[in-house]
Amino acid sequence: MNLLKWASLFLYLSFFLTKPSFSSSILSSYEPNEIPKYFLDLAKKSAVLDWMVNIRRHIHENPELGFEEFETSRLIRSKLDELGVFYKYPVAVTGVLGFIGTGKAPFVALRADMDALPIQELVEWEHKSKVPGKMHACGHDAHVAMLLGAAKILQEYRGELKGTVVLVFQPGEEGCGGAKKMIEAGALENVEAIFGLHARSDLPLGQVNTRSGSVLAGVGFFEAVIAGKGGHAAIPHHSVDPILAASNVIVSLQHIVSREADPLDSQVVTVAKFQGGKAFNVIPDSVTIGGTFRAFVRESLYKLRQRIEEVIVSQAAVQRCNTTVNFFDSETPVTPPTINNEDLHDYFTKVAADMLGRQNVKEMAQLMGSEDFAFYQELIPGYLFFLGLKNETHGPTAPEHNPKYTVNEEAFPYGAALHASLALRYLSEQAGRLWGERSHDEL
């Protein structure tokens, strides 16, 4: 074993085996249903809240796109170092995996995405994006800050953890398949369950919403180049018109959902890109179209993909055109539907109600948006919930993916405390189950 490996082993053992000399015993005086509120009160203290806010603002000023999050990752690692949390880096280029607890089973994961969007920020404030054309317009800067806030709480109470919490700081959520690459890099090794949150601008502060089963749709993207033969618009019979072919393709694509899909199985096919021709009197050689397809059922999603290709190729051929269809499998793989585990739904509802009150845990409607958190859920039980940001006294707010999007930093204690509470109680309950199974085996 070389020196580097010995050093890594030493760090690992020192982080996991050193017993904390403070704070942990305090939790023993609380009932399990009281700990979420205790964690919330702790997260509201300036030592935690201001720390999270400063992290978020630094990240917001320096947005980075998918798999370019080097500065964001460096900041995360510096904060984990500050807390004394062991971590692995790099994971899937810029990702980070942190570990808090015993280093032994059971393992539960908490996930935050890190990447920004190619949007020019239009909000004028002290911490506006310093990078032209890039902005955190989906709250991922807040997600990172809240997960680090949870790490701060969990590290202080690590002696109470009956297993190991894995902190998943994930790159490339925005259409880059970052979760898939994190899985390929071993992020879910030994992990039994995973939780994630997403800030939501239209949900009131102090509330969460989610549901069991399908929450968000699966999504894929496509692009087709329809090639004909260009020529003068005055003599179309000497050309093979790809614009006519593309028009027929688009109309036929809409028939897939209206005529082939079960009306009770919600699906969407949208063509949002049409490029072809630059002159009024010239038929172009080719036309490019592109769009998205979405469904709440995995089988329906892949059926849509199959039929989209068949319709494009066949309808173009009717107009004597050749076609190539690209589904971007290597760049933006098809994301499956986000499906929340039923048992974890019951568990989340219980923990969230203990913290916020049952009246503030809302059942949400399904959304046709997507989240690559779904890749984790394909392998292990997973649960994604939405955290309210809206404060009516702050006036109207812009939605996600909008250049005027803002984050209400008052929500950070709720996210951090929920993360920490979900992890701590999950490990306690699972450790009790494992102990019971061992006792039964010994008997």
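Note: the structure precedes this text.
Scope of this entry: the structure provided in the associated data block. All values derive from a computational prediction rather than experimental measurement.

Considerations on the pattern of salt bridges
Scanning all chains against the criterion turns up 21 salt bridges. The closest approach of N and O atoms between arginine 57 and glutamate 409, which form a salt bridge, is 2.8 Å. With a gap of 352 residues between them, arginine 57 in helix H3 (residues 46-61) and glutamate 409 in the loop between strand E16 (382-390) and helix H11 (412-442) connect regions that are remote in the sequence. With relative accessibility at 14%, the residue glutamate 409 sits in the buried group. One salt bridge connects lysine 128 with glutamate 124, and the closest N-O pair in it is separated by 2.7 Å. Taking relative accessible area as the criterion, lysine 128 reaches 21% and is therefore assigned partly exposed. Judged by its relative accessible area of 64%, glutamate 124 is exposed. In this structure, a network of salt bridges that share partners links the residues Arg56, Arg57, Asp141 and Glu409.

Thoughts on helix H4 (residues 70-83)
With 14 residues, H4 extends 20 Å from end C-alpha to end C-alpha; this agrees with the ideal 20 Å at 1.5 Å per step. All of the buried residues in H4 are Thr72, Ser73, Leu75, Ile76, Arg77, Lys79, Leu80 and Leu83. Elements in contact with the buried residues of H4: H3, strand E1 (86-91), strand E2 (95-101), helix H5 (140-156) and strand E4 (164-170). In the stretch just after H4, glycine 84 is the one whose phi turns positive, near 80°.

Points about the packing of helix H2 (residues 35-44) against H3
It is the contact of H2 with H3, at a shortest axis distance of 4 Å, that shows an interaxial angle of 65°. Across from Leu42, Ala43 and Lys44 in H2, the residues of H3 making contact are Ser46, Val48, Leu49 and Met52. Considering only residue class, the contact of H2 with H3 consists of five nonpolar, one polar and one charged.

Some remarks on the sheet that holds strand E10 (residues 267-275)
Spatial strand order, E10-E12-E8-E13: four strands in an open sheet with antiparallel pairing. At either margin of the open sheet sits one strand with a lone partner, and together these are E10 and strand E13 (322-326). Pairs of neighbouring strands in the sheet enclose a mean axial angle of 20°, with direction left out of account. Running at roughly 165° to E10, helix H7 (residues 242-260) makes contact with strand E8 (218-227), E10 and strand E12 (286-295) of the sheet. Its contacts with the sheet put helix H8 (residues 298-318) on E8, E10, E12 and E13, and the angle it makes with E12 is roughly 160°.

Some remarks on the environment of leucine 97
Following the sequence through the fold, leucine 97 ends up in strand E2. Exposure remark for leucine 97: the relative accessible area of 4% places this residue in the buried category. Considering only alpha carbons, one finds leucine 97 and arginine 320, 223 residues apart in sequence, at a separation of 53 Å. The residues touching leucine 97, leaving out its near neighbours within four places in the chain, are Phe86, Tyr87, Lys88, Val91, Val166, Leu167, Val168, Met182 and Ala187.

Rules behind the numbers
- Residues numbered from 1 in each chain as written.
- Predicted model: local features only at pLDDT ≥ 70, side-chain atom pairs only at ≥ 80, totals over all residues.
- Heavy atoms only, no water.
- Salt bridge = Lys/Arg side-chain N within 4 Å of Asp/Glu carboxyl O.
- Helix = DSSP H or I, 4+ residues; strand = E, 2+ residues; numbered from the N terminus.
- Buried < 20%, exposed > 50% of the residue type's maximum accessible area, 1.4 Å probe, protein only.
- Expected span 1.5 Å × (residues − 1).
- Contact = heavy atoms within 4.5 Å.
- Axes fitted to C-alpha atoms, helices over the stretch in contact; angles between N-to-C directions.
- Nonpolar A, V, L, I, M, F, W, Y, C, P; charged D, E, K, R; others polar.
- Pairing = 2+ DSSP bridges.

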